[in-house]
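Here is what each chain is made of, one letter per residue.
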Amino acid sequence: MVLALTVCGIVVALVVVGLFLFGLRRRLIQRSGGTFDCSLRWDVAEKPDTGGKGWSYGVARYNGDRIEWYRVFSYAVRPRRVLERSQIEVAGRRLPEGEEELALLSDAVVLACVHRGTRLELAMSEDALTGFLAWLEAAPPGQRVNVA
(Lines give C-alpha, C1' and ligand atoms only; values in the text may rest on other atoms or scores of the structure.)
Protein backbone atom coordinates (compact mmCIF):
# COMPACT_ATOMS: atom_id res chain seq x y z
CA MET A 1 0.00 0.00 0.00
CA VAL A 2 2.79 2.42 0.91
CA LEU A 3 4.64 1.54 -2.30
CA ALA A 4 1.53 2.23 -4.41
CA LEU A 5 1.02 5.62 -2.73
CA THR A 6 4.69 6.49 -3.23
CA VAL A 7 4.54 5.59 -6.93
CA CYS A 8 1.30 7.59 -7.38
CA GLY A 9 2.87 10.56 -5.60
CA ILE A 10 5.93 10.42 -7.86
CA VAL A 11 3.77 10.20 -11.00
CA VAL A 12 1.66 13.19 -9.90
CA ALA A 13 4.81 15.18 -9.07
CA LEU A 14 6.31 14.40 -12.50
CA VAL A 15 3.11 15.51 -14.25
CA VAL A 16 3.06 18.77 -12.28
CA VAL A 17 6.74 19.43 -13.05
CA GLY A 18 6.14 18.67 -16.74
CA LEU A 19 3.22 21.11 -16.94
CA PHE A 20 5.24 23.74 -15.10
CA LEU A 21 8.08 23.36 -17.61
CA PHE A 22 5.64 23.75 -20.55
CA GLY A 23 4.38 26.99 -19.03
CA LEU A 24 7.87 28.26 -18.22
CA ARG A 25 9.09 27.55 -21.77
CA ARG A 26 6.12 29.39 -23.29
CA ARG A 27 6.73 32.35 -20.96
CA LEU A 28 10.43 32.48 -21.96
CA ILE A 29 9.54 32.40 -25.68
CA GLN A 30 7.02 35.22 -25.26
CA ARG A 31 9.18 37.29 -22.92
CA SER A 32 10.85 39.30 -25.68
CA GLY A 33 7.48 40.09 -27.31
CA GLY A 34 6.52 39.88 -30.96
CA THR A 35 4.89 36.45 -30.72
CA PHE A 36 1.73 35.07 -32.28
CA ASP A 37 -0.04 31.71 -32.51
CA CYS A 38 0.82 30.09 -35.81
CA SER A 39 0.26 26.58 -37.14
CA LEU A 40 2.75 25.31 -39.70
CA ARG A 41 2.66 22.66 -42.41
CA TRP A 42 6.09 22.02 -43.95
CA ASP A 43 6.93 20.63 -47.41
CA VAL A 44 3.42 20.91 -48.87
CA ALA A 45 2.50 19.52 -52.30
CA GLU A 46 1.44 21.82 -55.16
CA LYS A 47 -2.24 21.14 -54.45
CA PRO A 48 -2.73 21.37 -50.68
CA ASP A 49 -4.37 18.50 -48.81
CA THR A 50 -7.45 19.74 -46.97
CA GLY A 51 -7.64 16.61 -44.84
CA GLY A 52 -6.07 18.40 -41.90
CA LYS A 53 -2.94 16.21 -41.82
CA GLY A 54 0.53 17.61 -41.33
CA TRP A 55 -0.38 20.69 -39.31
CA SER A 56 1.66 21.43 -36.18
CA TYR A 57 0.43 23.97 -33.67
CA GLY A 58 3.04 26.46 -32.56
CA VAL A 59 4.12 29.93 -31.60
CA ALA A 60 6.07 32.19 -33.94
CA ARG A 61 8.33 35.00 -32.79
CA TYR A 62 9.76 37.92 -34.73
CA ASN A 63 13.50 38.20 -34.21
CA GLY A 64 15.01 40.88 -36.43
CA ASP A 65 14.87 39.65 -40.03
CA ARG A 66 13.74 36.17 -39.02
CA ILE A 67 10.66 34.38 -37.81
CA GLU A 68 11.40 31.68 -35.24
CA TRP A 69 8.72 28.99 -35.01
CA TYR A 70 8.40 26.83 -31.90
CA ARG A 71 6.17 23.78 -31.47
CA VAL A 72 3.77 24.22 -28.58
CA PHE A 73 3.98 20.63 -27.35
CA SER A 74 7.74 20.40 -26.99
CA TYR A 75 10.36 21.04 -24.35
CA ALA A 76 12.95 22.27 -26.90
CA VAL A 77 14.32 25.73 -26.18
CA ARG A 78 15.46 26.27 -29.78
CA PRO A 79 13.03 27.05 -32.58
CA ARG A 80 11.96 24.11 -34.75
CA ARG A 81 12.03 26.27 -37.91
CA VAL A 82 13.64 29.60 -38.73
CA LEU A 83 12.34 31.59 -41.70
CA GLU A 84 14.45 34.46 -43.05
CA ARG A 85 12.48 37.46 -44.30
CA SER A 86 14.49 37.75 -47.53
CA GLN A 87 13.82 34.07 -48.38
CA ILE A 88 10.03 34.04 -47.84
CA GLU A 89 7.86 34.25 -50.93
CA VAL A 90 4.11 34.48 -50.40
CA ALA A 91 2.21 32.44 -53.00
CA GLY A 92 -1.35 33.08 -51.85
CA ARG A 93 -3.89 32.85 -49.07
CA ARG A 94 -7.05 30.91 -48.46
CA LEU A 95 -9.50 29.92 -45.76
CA PRO A 96 -9.24 26.44 -44.19
CA GLU A 97 -11.27 23.81 -46.02
CA GLY A 98 -12.70 20.43 -45.06
CA GLU A 99 -11.10 18.80 -42.05
CA GLU A 100 -8.52 21.57 -41.84
CA GLU A 101 -11.15 23.64 -40.06
CA LEU A 102 -10.95 21.16 -37.18
CA ALA A 103 -7.15 21.01 -37.16
CA LEU A 104 -6.64 24.80 -37.03
CA LEU A 105 -7.78 27.60 -34.77
CA SER A 106 -11.28 28.86 -35.51
CA ASP A 107 -10.31 32.23 -37.03
CA ALA A 108 -7.28 31.00 -39.00
CA VAL A 109 -6.27 32.10 -42.48
CA VAL A 110 -3.87 29.84 -44.40
CA LEU A 111 -0.94 31.55 -46.10
CA ALA A 112 0.90 29.55 -48.78
CA CYS A 113 4.61 30.39 -48.91
CA VAL A 114 7.89 29.22 -50.39
CA HIS A 115 11.03 29.39 -48.26
CA ARG A 116 14.33 28.45 -49.91
CA GLY A 117 12.49 26.31 -52.44
CA THR A 118 10.36 24.49 -49.85
CA ARG A 119 6.61 24.96 -50.02
CA LEU A 120 4.98 25.55 -46.65
CA GLU A 121 1.75 26.83 -45.20
CA LEU A 122 1.25 29.06 -42.19
CA ALA A 123 -2.13 29.36 -40.47
CA MET A 124 -2.72 32.37 -38.26
CA SER A 125 -5.42 34.81 -37.24
CA GLU A 126 -6.36 37.70 -39.51
CA ASP A 127 -4.65 40.17 -37.13
CA ALA A 128 -1.45 38.10 -37.05
CA LEU A 129 -1.56 37.85 -40.87
CA THR A 130 -1.78 41.62 -41.20
CA GLY A 131 1.25 42.01 -38.92
CA PHE A 132 3.17 39.26 -40.75
CA LEU A 133 2.58 40.83 -44.18
CA ALA A 134 3.53 44.27 -42.84
CA TRP A 135 6.73 42.78 -41.40
CA LEU A 136 7.54 41.18 -44.77
CA GLU A 137 6.98 44.44 -46.65
CA ALA A 138 9.02 46.43 -44.11
CA ALA A 139 12.26 44.86 -45.29
CA PRO A 140 15.28 47.18 -45.29
CA PRO A 141 16.02 48.94 -48.61
CA GLY A 142 17.66 46.72 -51.17
CA GLN A 143 16.15 43.46 -49.94
CA ARG A 144 13.87 41.46 -52.21
CA VAL A 145 10.31 41.00 -50.94
CA ASN A 146 7.80 38.72 -52.70
CA VAL A 147 4.27 39.26 -51.48
CA ALA A 148 1.42 38.08 -53.68
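None of the values given here were measured: they were computed from a predicted structure.

Draft legend 1. Structural context of the sheet that holds strand β5 (residues 81–84). Strand order in the open sheet made by the four strands is β1-β3-β4-β5, with antiparallel pairing throughout. Strands with a single pairing partner mark the edges of an open sheet, and in this sheet they are β1 (35–37) and β5. Across the sheet, the axes of successive neighbouring strands diverge by a mean angle of 20°, strand direction being ignored. In the sheet, strand β3 (residues 58–63) pairs with strand β4 (residues 66–71) via six bridges, with the strands oriented antiparallel. Directly across from Ala60, in β4, lies its bridge partner Trp69. Packing against the sheet, helix α1 (residues 2–30) makes contact with β1, β3 and β4, and its axis sits at approximately 30° to β3. Sitting on the sheet, helix α3 (residues 126–137) touches β1, β3, β4 and β5, and the angle it makes with β3 is about 35°.

Draft legend 2. How the structure looks around the nonpolar core. In terms of nonpolar packing, the biggest core is built from 21 residues, with Phe36, Leu122, Met124 and Phe132 touching the most fellow members. Listing elements by their share of this core, those giving two or more residues are β4, β6 (88–94), β7 (108–115), β8 (118–125) and α3. Counting residues per element, this core draws most heavily on α3, at six residues. Excluding its chain neighbours within four sequence positions, the residues that come into contact with Leu122 are Cys38, Ser39, Leu40, Trp55, Leu83, Val109, Val110, Leu111, Cys113 and Phe132.

Draft legend 3. Just the pattern of salt bridges, in detail. As enumerated under the stated definition, the model contains eight salt bridges in all. With a shortest N-O distance of 2.8 Å, Glu100 and Arg41 are connected by a salt bridge. Here Arg41 lies in strand β2 (residues 39–42) and Glu100 lies in helix α2 (residues 100–103), a separation of 59 residues in the sequence. Residue Arg41 is classed as buried on the basis of its relative accessible area, which comes to 6%. For Glu121, the salt bridge goes to Arg41, with nearest N and O atoms at 2.6 Å. Note that Glu121 is positioned in strand β8 and Arg41 in strand β2, a separation of 80 residues in sequence. Accessibility assignment for this pair places Glu121 and Arg41 in one class, buried. Among the charged side chains, a network of salt bridges with common partners joins Arg41, Arg94, Glu100 and Glu121.

Draft legend 4. Expanded view of the packing of aromatic side chains. Summed over the entire model, instances satisfying the criterion amount to three aromatic pairs. A centroid spacing of 5.4 Å and a plane angle of 50° characterise the contact between Tyr62 and Trp135, whose relative ring orientation is tilted. Taken together, the residues span a long stretch of sequence, with Tyr62 in strand β3 and Trp135 in helix α3 at a distance of 73 residues. Judged by its relative accessible area of 22%, Tyr62 falls in the partly exposed class. According to the relative accessible area criterion, Trp135 is buried, its value standing at 11%. Judged by centre distance (6.0 Å) and plane angle (35°), the ring pair of Phe132 and Trp135 falls under tilted. Note that Phe132 and Trp135 are positioned in helix α3 at a spacing of three residues, about one turn of the helix. Note that Arg81 overlies the ring of Trp42, its terminal NZ or CZ placed 4.0 Å from the centroid.

Draft legend 5. Structural detail: the domain arrangement of the chain. Examined at the domain level, the chain breaks down into domain 1 (1–31) and domain 2 (34–137). Just the C-alpha atoms count here: the centres of domain 1 and domain 2 sit 30 Å apart. Between domain 1 and domain 2, the contact holds eight residues from the first and eleven residues from the second. Of the roughly 860 Å² buried where domain 1 meets domain 2, counting both sides, 55% is carbon and sulfur surface.

Basis of the calculations
Throughout this description, residue numbers start from 1 for each chain and increase along the sequence as written. The predicted nature of this model means local features are confined to residues of pLDDT at least 70 and side-chain atom pairs, given and counted, to a pLDDT of 80 or more, with totals for whole chains, interfaces and linings taken over all residues. Hydrogens and water molecules were not included; the side-chain quantities draw on all heavy atoms of the structure. For two strands to be treated as a pair, DSSP must find no fewer than two bridges joining them. Strands here are runs of E lasting at least two residues and helices are runs of H or I lasting at least four, both read from the DSSP assignment and numbered beginning at the N terminus. Note on geometry: axes are C-alpha line fits, over the in-contact stretch for helices, and angles between N-to-C directions span 0 to 180 degrees. Two residues form a contact once any of their heavy atoms are found within 4.5 Å. To form a nonpolar core, buried Ala, Val, Leu, Ile, Met, Phe, Trp, Tyr and Cys residues must be joined to one another through side-chain atoms within 4.5 Å. Note on classification: 1.4 Å probe, protein chains only; a residue is buried when its accessible area is under 20% of the maximum for its type, exposed when over 50%, partly exposed between these limits. Salt bridges, as used here, are contacts in which a Lys or Arg side-chain nitrogen is within 4 Å of a carboxyl oxygen on Asp or Glu. Pairing of aromatic rings covers Phe, Tyr and the six-membered ring of Trp, with a centre-to-centre limit of 6.5 Å; geometry is then stacked below 30 degrees between planes, edge-to-face above 60, and tilted otherwise. Only Lys NZ and Arg CZ are tested; either one counts as a charge over a ring when it is within 6 Å of the ring centre and within 35 degrees of the ring normal. Bear in mind that the domain bounds are from an automatic or database domain assignment. Buried area is understood as the total, over both parts, of accessible area removed when two parts are fitted together, assessed with a 1.4 Å probe.

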